[in-house]
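The residues making up each chain are set out below.
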Amino acid sequence: MLNMVKMKNTLEKKSGQEALSNNAAKQKQIIDECLQKLKPSHDKINLEPADIDNIKLFPSLSLFPEFCHLSVGAISTDCNSELLIPDKVFYLNDKVTVTLLTRDSQGHYFSEGGNQVSMQLKSSKGKITTIKVKDNCDGSYVALVKCEQVGVAKLVVSINGQKIVGSPYNIIVHRKYKTYDGDEYCATYKSKMGEPWGVAFGRYGVWAAASNSNHCVYVFDGQDNFIRKIGSSGTNDSEFSAPRGIAFDNDNHLYVVDSGNHRVQKFGINGNYLLQFGCHDLNDGQLKDPYGITARDGKVYIADKGYHRISVFQSDGQFCIFFGSDQLGGPYDVAVNGNNQLLVADHSNNCIVSFTIDGDYVTKFDTRGPNKKLCGPCCLTTDENGYILVVGCESNVDLVSIFDHSGQLIHYTELNSYYQSENKSNVATYRSIALCPNGSIYISNKANCEIKVVSTEK
C-alpha cells in the first residue's frame, strides 16, 4: 500500500509537467481504485473518549511513523511533542481504561485487529507490571491500568515487538485524600498517652508521638505495637517539660523539641540519649519556646516561635544559621518538600512561607481568602507529589486543607473534633500531622488525648 501511495504521488508530480500517457493515466486509475478499496471503515470508532479517565493512544505502525498521536482525556498532541498531563490525574489503585487505536497514513482508523500489542507499566520505584491487552478485532486494543505506587510511572506500549513513537508515556499518580466527617477513622490511639503533640515516622515503619502532658515520648513499631517510652518530667538529660515537635533523621535518630526547657534533645535508635542543644537565651543558636522540627540531610530545622525565626543546626548539635525574622510572625511547624524548599506554618500571619534550604526567602501564600478557609495553620507535612497538608481552624472547627506548591487549594475536610472551653466556645485541638509510608494520615488531638489514623483511600 505504501508503494502505491508513492507511485501515485510520483505520477501526480509528472502530470503537472507533461500530459500523462495513456498507460500512465490507466495506471493512476488502477492505483486510485486500489486505495479506495483499502481505505478502512472508521464509522464504528468514537473519536471522543467515552470517559474522561480514558486514555487514547494513536500509535505509529512500522510503515507509518508520522501518524502517531497521544490523547489523554480531551488533550491531543503529536508523539514527538512533550507529553501533556491533564487536569484529571491518575489516583493510587484506580483502574484506568487505556485504549490503543491504529490508523493508516491517511488518518483513517483500521477496522481490523490482529497486531501483537503489549503494555508494561514501570512504577516510580522501578516495579514492572505486564498489562493484559484485549484485541477488539476492530483496530482498537483495550487494557486496564492500575497504578499501585504514588509518583511518576511510565507506560511502555509496543506493537509487534516494536515500541511506538512517544513510548514510554509518563503517568503522574496521586494519592487519594478522603473526605470524612470526624468519625470515620482507621484507629485511635488513646489509653495512657496523655495529651499528644508531635507525631513523626522514621525508617522501617517506626513512629513516635510526644506527650505534652506526660512529658515523654512513646515509640511504636511498623505494626503500631508499643516499643518503649522515652523520658520523664524534669530538666536533666532524657527529661522533658511539655515536649512538642519530634522528627526522625535519615539514620532513624529521634529529635525531640523540649519546649518548656527551650532545647532539643537527640536520641539513638534504641532510645538512648545522645546530646542536646539550645536553651533560653538571646545568643545565636539558642531557642525560645520552640515548636515544630524537621531533619533532612544532616541538618535540623526548628520553628522557633519565641524568636519568630527558623534555627538550623547540624545533626551533631552545632549551630549553623537562623533566618525568617523579617517574614515570620509565629512559626509553629516546618517541613521540607521534594524540591528542597523549607515550608513554614506561620500561625500568627495565616500563611505558609517558603524558603530555600539555605534560608533565602522564596514566597508565601495565604491560607485564608477566596475559596480558602484555613485560619491559624498550626502544623503541616508534604506528600510525594508536593502537595502540602495543613491543619488549622475555621469558625473554631479544625480543618485539614491540601494545597499545591503554588498555594492553590486542592481539597479540604472538616475534622469535627473539638471540645468546649469554660466559656462554651469551640477550641481547635489538633497539633500535629504526619503521613505514614502506607498512605494513612496520623493526626494528634491534644484536647481529646488521642491520635487519629485516617485512611487516604476513597
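Details of the structure are given in the entry above.
If you're wondering where the values come from, they're calculated on a predicted model, not measured in any experiment. (Residues numbered from 1 in each chain as written. Predicted model: local features only at pLDDT ≥ 70, side-chain atom pairs only at ≥ 80, totals over all residues. Heavy atoms only, no water.)

(A) How the structure looks around unusual backbone geometry. Positioned with a positive phi, serine 238 is a non-glycine residue whose angle comes to about 65 degrees. One can find serine 238 in the loop between β18 (232-233) and β19 (239-240). Of note in the backbone geometry, histidine 308 takes a positive phi value of approximately 55 degrees without being a glycine. Mapping histidine 308 onto the fold places it in the loop between β25 (299-304) and β26 (309-314). (Helix = DSSP H or I, 4+ residues; strand = E, 2+ residues; numbered from the N terminus.)

(B) Seen up close, the pattern of salt bridges. Scanning all chains against the criterion turns up six salt bridges. Two residues, lysine 146 and glutamate 148, come together in a salt bridge whose shortest N-O distance is 4.0 Å. Note on lysine 146: relative accessible area 36%, which makes it partly exposed. Its salt-bridge partner being lysine 305, residue aspartate 289 comes within 3.6 Å of it at the nearest N-O pair. Taken as a pair, aspartate 289 in the loop between β23 (273-277) and β24 (290-296) and lysine 305 in the loop between β25 and β26 lie far apart in primary sequence, 16 residues in all. On the basis of relative accessibility, which here comes to 24%, the residue lysine 305 falls in the partly exposed class. Salt bridges linked by common partners bring Lys127, Lys146 and Glu148 together as one network. (Salt bridge = Lys/Arg side-chain N within 4 Å of Asp/Glu carboxyl O. Buried < 20%, exposed > 50% of the residue type's maximum accessible area, 1.4 Å probe, protein only.)

(C) Main features of the nonpolar core. Formed by 22 residues in total, the largest nonpolar core has its most connected members in Leu100, Met119, Leu121 and Leu155. By residue number, the principal contributor to this core is strand β10 (residues 151-159), which donates four residues. Ranked by size, the runner-up nonpolar core spans 16 residues in total, among them Tyr291, Tyr430, Ile443 and Val454. (Core = buried A, V, L, I, M, F, W, Y, C linked by side-chain atoms within 4.5 Å.)

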